[in-house]
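Analysis of the macromolecular model
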Amino acid sequence: MDLQTLRNDTPGCTLHHHLNNAGASLPPKPVLETILHYLTEESLHGGYEMAAKYAPEIAGFYDATARLLNTNPKNIAFAGSATDAYFRGLSAIPFEPNDVLITTDDDYVSNQIAFLFLEKKFKIKLVRAAKLPEGGVDPQSIKDLIETHRPKLVAVTHVPTNSGLVQDVESIGEICKKYDVLYLVDACQSAGQIPLDINKIGCDFLSATLRKWLRGPRGAGFLFASDKVLNLGFEPILPDMAAGVWNAPDHYELEPSAKRFEQWEKNYALVLGAKKAIEYANSLGLDQIEMAVTSLGDYTRAQLSTIPGVRLLDKGNRKCGIVTAYFEGKSPQAIKAVLEAANINAGIGNTNNAYIDFREKGVEWALRLSPHYYNTKEEVDLAIEALSGI
Ligand SMILES: Cc1ncc(COP(=O)(O)O)c(C=O)c1O
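Here the structure is a predicted model, which is why all the values come from computation and not from measurement. (Residues numbered from 1 in each chain as written. Predicted model: local features only at pLDDT ≥ 70, side-chain atom pairs only at ≥ 80, totals over all residues.)

1. Notes on the sheet that holds strand β15 (residues 365-369)
Within a sheet, each strand pairs with its neighbour through backbone hydrogen bonds, oriented either parallel or antiparallel. Test applied: Paired strands, as defined in this entry, are two strands with at least two bridges between them according to DSSP. Only DSSP runs of H or I reaching four residues or more are called helices, and only runs of E reaching two or more are called strands; each is numbered from the N terminus. Helix axes use the C-alpha atoms of the stretch in contact, all axes being lines fitted to C-alpha atoms, and the angles between their N-to-C directions lie in the range 0 to 180 degrees. A residue pair is marked as a contact if its C-beta atoms, positioned from the backbone, fall within 7 Å.
Pairing is antiparallel in the open sheet, where 4 strands are placed in the order β11-β12-β15-β14. With one partner strand each, in any of the chains shown, β11 (310-312) and β14 (347-350) form the two edges of the open sheet. Each neighbouring strand pair of the sheet contributes to a mean axis angle of 35°, computed without reference to strand direction. As paired elements, β14 and β15 share 4 bridges and run antiparallel to each other. Within the sheet, the bridge partner assigned to Gly349 lies in β15 and is Ala366. The sheet strands contacting helix α12 (residues 286-304) are β11, β12 (323-327) and β15, and the helix crosses β12 at an angle near 15°. The sheet contacts of helix α13 (residues 332-341) involve β12, β14 and β15, and relative to β14 the element is tilted by about 170°.

2. Focus on the site of the ligand
Inclusion rule: Placing the C-beta atom from the backbone, one calls a residue near a molecule or strand if that atom lies within 6 Å of it. Polarity classes work like this: nonpolar for Ala, Val, Leu, Ile, Met, Phe, Trp, Tyr, Cys and Pro, charged for Asp, Glu, Lys and Arg, and polar for all others, with Gly in that last group.
Neighbouring the ligand are 13 residues; Ser81, Ala82, Thr83, Thr161 and Cys188 lie closest to it. Per-class residue counts for the shell around the ligand are 4 nonpolar, 8 polar and 1 charged.

3. Looking at the sheet that holds strand β4 (residues 125-128)
Ordered in space as β2-β8-β7-β6-β5-β3-β4, the 7 strands form an open sheet in which the pairing is mixed. Either end of the sheet is taken by a strand with one partner, and the two such strands are β2 (76-79) and β4. If you compare each strand with its neighbour and ignore which way they point, the axes differ by 20° on average. Where strand β3 (residues 100-103) and strand β5 (residues 153-157) come together, 2 bridges link them in parallel fashion.

4. Points about the nonpolar core
To keep things clear, this is the line we draw: Definition of nonpolar core: a set of buried Ala, Val, Leu, Ile, Met, Phe, Trp, Tyr and Cys residues joined via C-beta atoms within 7 Å. Put simply, a residue is buried when 20 or more other C-beta atoms lie within 10 Å of its own C-beta and exposed when 12 or fewer do; between those, it is partly exposed, and each C-beta is set from the backbone. An automatic or database domain assignment supplies the start and end points of every domain.
In terms of nonpolar packing, the biggest core is built from 109 residues, with Ala77, Val154, Leu184, Val185, Leu206, Leu223 and Ala225 touching the most fellow members. Tallying contributions element by element places helix α11 (residues 268-284) first for this core, with 10 residues. A domain split of this core shows at least three residues from each of domain 1 (3-23 + 286-388) and domain 2 (29-284). What Ala77 contacts, discounting residues up to four positions off in sequence, is Phe222, Leu223, Ala225, Ala258, Lys259, Phe261 and Glu262.

5. So, the environment of Arg7
Here Arg7 is to be found in helix α1 (residues 3-8). According to the C-beta neighbour criterion, Arg7 is partly exposed, with 17 such atoms within 10 Å. Considered as a pair, Arg7 and Leu223 are 216 residues apart in the sequence and their alpha carbons are 30 Å apart. For Arg7, the residues in contact, after removing those within four places along its chain, are Cys13 and Tyr374.

6. What to know about α12
Every α-helix winds through 3.6 residues per turn, so residues three or four apart in the chain are directed the same way. This is how it is decided: An expected span of 1.5 Å times one less than the residue number is assigned to each helix.
For α12, with 19 residues, the first-to-last C-alpha span of 26 Å sits near the 27 Å given by 1.5 Å per residue. Within the span of α12, buried status applies to Ile289, Glu290, Ala292, Val293, Leu296, Gly297, Thr300, Gln303 and Leu304. Of the surrounding elements, those touching the buried residues of α12 are α11, β11, β12, β15 and α15 (377-388).

7. Things to note about the domain arrangement of the protein
The assigned domain composition of the protein is domain 1 (3-23 + 286-388) and domain 2 (29-284). Computed over C-alpha atoms only, the centres of domain 1 and domain 2 are separated by 26 Å. Contacts between the two partners involve 32 residues from domain 1 and, on the opposite side, 23 residues from domain 2. Of all the elements in the fold, those that place two or more residues in the side of domain 1 that touches domain 2 are α12, β12, α14 (355-361) and β15. Top contributing element to the side of domain 1 that touches domain 2 by residue count: α12, with 7 residues.

8. Brief notes about α11
With 17 residues, α11 extends 24 Å from end C-alpha to end C-alpha; this agrees with the ideal 24 Å at 1.5 Å per step. The positive-phi residue at the C-terminal boundary of α11 is Gly285, with phi of around 95°.

9. Regarding the pairing of strand β6 (residues 182-186)
Most of β6 sits out of view: 5 of its 5 residues are buried. Residues Leu182, Leu184 and Asp186 line one face of β6 and the alternating positions Tyr183 and Val185 line the opposite face, and both faces are buried. Bridge count for β5 against β6 is 5 bridges, and the pairing is parallel. Bridge assignment links Leu153 to a residue of β6, and that residue is Leu182. Bridge count between β6 and strand β7 (residues 205-209): 3 bridges; the pairing is parallel. Note that in β7 the partner of Asp186 across the bridge is Ser207.

Given below as structure tokens:
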């Protein structure tokens, strides 16, 4: 990858050192131009008319996403966010009282809250698998729990929001397949930084957002739904006319493809921006992207570890571009202030974002630096210099 070309393509690079890509990354020019162009077209010629005119381009969103995931366009649904996508998949699972849902300590906060709601409302049982000593869920624990509980669903977040951990979603997928258990993967923080192959992961649902590592717009995400769940007739709770055709007074015909998980009304400027962002990532190559991001993440960790009083928090055998650290005796406000003064964008997480993980690590907050492939070592060095001064 030619770093200078990539930076020239990213106008925000000239304004800030953006190390907050796990929050939302800076989109490349073609993504912004696509969105602005479509909004202009809509404003001049009408929203329905432009949706019809651009139908082939809009269909390209499903092709690009299928290519990203090594699957088929009919298995892809557009969504308004990762959570929107995730909840549509989760809501389709026919839970009954006493059904068991197995998850991990590191699954995303909103997913955990939804599981707790399902426990409260539908009397399911939530069970969290044990971790490996080095961090990350132990696939053997998932296997043991499946044998004991015969769960309805296994749900795993590939990369948590507040740590550089990469969960072994492929091994867990093999286990789920062996025991024929439904498997839901939250790929919000991995889509766009790590190659995702549905055939290797073997999941029934996978959700992601566009605004993070895929460098797309806010307000866009997607859901993958497997042939298995489509053929079983799974549909989201409260489907609308995207999910089926009302062809008799008391009947609707379910949409055969994963589009049944969408809502009819969409922001097509964002669908096209999402398509462009995914095509951009596909053309760079996810293997190349992962190599660049991981290497900058490793560099960031190594540099941070040279600052006295800094504790690196990322665990697990495999780590990604999310780098988290705690600064003994310093306040998150002081950290944020020095970074802002140096024109560096970064994130600060707190216990409510990762309750179990942060309690185990004995921290109430953590700095999150998340460099993308368009960032440079010099930008990381600037952050380290700023942070060394507090
Ligand atoms: C791991 C993970 N899952 C899900 C989400 C939710 O994504 P969204 O805000 O697009 O719903 C996030 C957001 O930070 C995340 O980090």
